[in-house]
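Coordinates in review
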Amino acid sequence: MERYGIFFKLQEGKAEGYEKAHAEIWPEMTEALTLAGMRNYSIWREGDMLFAYYETRSLERTSEILSQCEVYQRWRDLMEEFVYIDEFGQKEWNMKNVFYHE
């Protein structure tokens, strides 16, 4: 299982809506994540900063499945209401794992 971390941030004043959306996440969305092979997916928030962590056996396979998943695309579109997008269109920054202790 490979581990992945992503940094992103919220638009100003959007934290409450973002948390509400995740508290009411669609069951078909969590099913899609499971079917795509994602495990131990969690999102952490400090102010407007977000950190997401997940595990998968194959990032390529997970990405392929999700890119073809209609519910995932609808969820991503919804999240654009909350997530900051920079002037280059980037909204996520992949993080490099520098230490892990099991």
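Per-chain numbering applies: the sequence of each chain, read as written, is numbered from 1 onward. At least 70 in pLDDT is required for a residue's local features to be given in this predicted model, at least 80 for side-chain atom pairs to be given and counted, and no such filter applies to totals for whole chains, interfaces and linings, which use all residues. Think of the side-chain values as coming from all heavy atoms in the structure, minus any hydrogens and water.

1. A closer look at the sheet that holds strand S3 (residues 49–56)
What makes two strands pair is DSSP finding at least two bridges between them. Numbering of helices and strands starts at the N terminus; helices are DSSP runs of H or I of at least 4 residues and strands are runs of E of at least 2. Ordered in space as S2-S3-S1-S4, the 4 strands form an open sheet in which the pairing is antiparallel. Two strands bound the open sheet, and with one partner strand each, they are strand S2 (39–46) and strand S4 (93–95). Between one strand axis and the next, the sheet turns by 20 degrees as a mean value, whatever way the strands run. As judged from the 6 bridges shared by S2 and S3, these two strands associate in the antiparallel manner. Along S3, the bridge assignment pairs Glu-46 with Met-49. For helices, the fitted axis covers only the stretch in contact; all axes are lines through C-alpha atoms, and the angles between them, taken along N-to-C directions, range from 0 to 180 degrees.

2. Comments concerning unusual backbone geometry
Even without being a glycine, Asn-40 presents a positive backbone phi close to 50 degrees. Looking at the secondary structure, you find Asn-40 in strand S2.

3. A short note on the pairing of S3
Here strand S1 (residues 2–9) runs beside S3; their pairing, made up of 8 bridges, is antiparallel. Opposite Tyr-4, over in S3, you have Tyr-54 as the bridge partner. Where S2 folds back onto S3 in an antiparallel hairpin, the turn is made up of 2 residues, including Gly-47, whose phi is positive at roughly 60 degrees.

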